[in-house]
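Read off the chains here:
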Amino acid sequence: QVQLVESGGGLVQAGGSLRLSCAASGRTFSTSTMGWFRQAPGKEREFVAAINWSGRSTNYADSVKGRFTISRDNAKNTMYLLMNSLEPEDTAVYSCAADPRHFGVVSTTPRTYDYWGQGTQVTVST
């Protein structure tokens, strides 16, 4: 079973930055699409960003485009989300996810992803 572990969450002031990391087990990481999703209290889980197997193709939600940057280091089996210019509306539990099945697809849909981390809390204060 593939395991994903997020880290890097915390409390920051509006306008600040955080970098989230997602450490993955298993040999399928380097061929998997990876994504970040978030869920705020009382809201549905929403897509944040995704990246294909090579890192050459990315997809961002409109709400974070220009502020967040997704990247990956396949040699380290790690994916990152650099979050700049954070806003209170970014407050949520952020989860990383892996899709080892759909080659070439950088999906925005949670059901596309087979494996999920436990999530890390990001809180942006005013």
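Read on for a plain summary of the structure. (Residues numbered from 1 in each chain as written. Predicted model: local features only at pLDDT ≥ 70, side-chain atom pairs only at ≥ 80, totals over all residues. Heavy atoms only, no water.)

## A short note on the side chain of Asn 52
In this fold, Asn 52 is placed in the loop between strand S5 (46-51) and strand S6 (58-60). Engagement of the side chain of Asn 52 in a polar contact is seen with the backbone nitrogen of Arg 56, the distance being 3.1 Å. What Asn 52 contacts, discounting residues up to four positions off in sequence, is Ser 32, Thr 33, Ser 57, Arg 72 and Val 106. (Helix = DSSP H or I, 4+ residues; strand = E, 2+ residues; numbered from the N terminus. Polar contact = N/O pair within 3.5 Å; in protein donor to acceptor, adjacent residues only side chain to side chain. Contact = heavy atoms within 4.5 Å.)

## Side note on the environment of Gly 10
Tracing the chain through its elements places Gly 10 in strand S2 (residues 10-13). Among all residues touching Gly 10, those that are not within four sequence positions of it are Leu 18, Gln 121, Val 122 and Thr 123.

## Here's the deal with empty space enclosed by the protein
Using the criterion set out here, one finds 1 cavity of 30 Å³ or more in the structure. Estimated volume of the largest cavity: approximately 40 Å³. Lining the largest cavity are Val 2, Leu 4, Ala 24, Ser 25, Thr 28, Phe 29, Ser 32, Met 34, Ala 98, Pro 100 and Tyr 115. (1 Å grid on protein atoms, 1.4 Å probe; cavity = no way out; pocket = protein on both sides within 12 Å on 5 of 7 lines; lining within 4 Å. Points joined across faces, edges and corners; volume = space filled by probe spheres on them.)

## A look at the state of the cysteines
As enumerated under the stated definition, the model contains 1 disulfide in all. Residue pairing for Cys 22: its cysteine sulfur links by disulfide to Cys 96, the two sulfurs lying 2.1 Å apart. Judged by the torsion about the S-S bond (60°), the Cys 22/Cys 96 disulfide is right-handed. Remark: Cys 96 occurs in strand S9 (residues 92-99) and Cys 22 occurs in strand S3 (residues 18-24); sequence separation between them is 74 residues. Summarising the burial analysis for this pair, Cys 22 and Cys 96 share the class buried. (Disulfide = S-S within 2.5 Å. Buried < 20%, exposed > 50% of the residue type's maximum accessible area, 1.4 Å probe, protein only.)

## Remarks on the pairing of strand S11 (residues 120-125)
Residues Thr 120, Val 122 and Val 124 of S11 are buried on one face, while the alternating residues Gln 121, Thr 123 and Ser 125, pointing to the opposite face, are not. Pairing between S2 and S11: 4 bridges, direction parallel. Residue pairing across strands places Gln 13 opposite Ser 125, the latter belonging to S11. (Pairing = 2+ DSSP bridges.)

These figures come from the coordinates and say nothing about function on their own.
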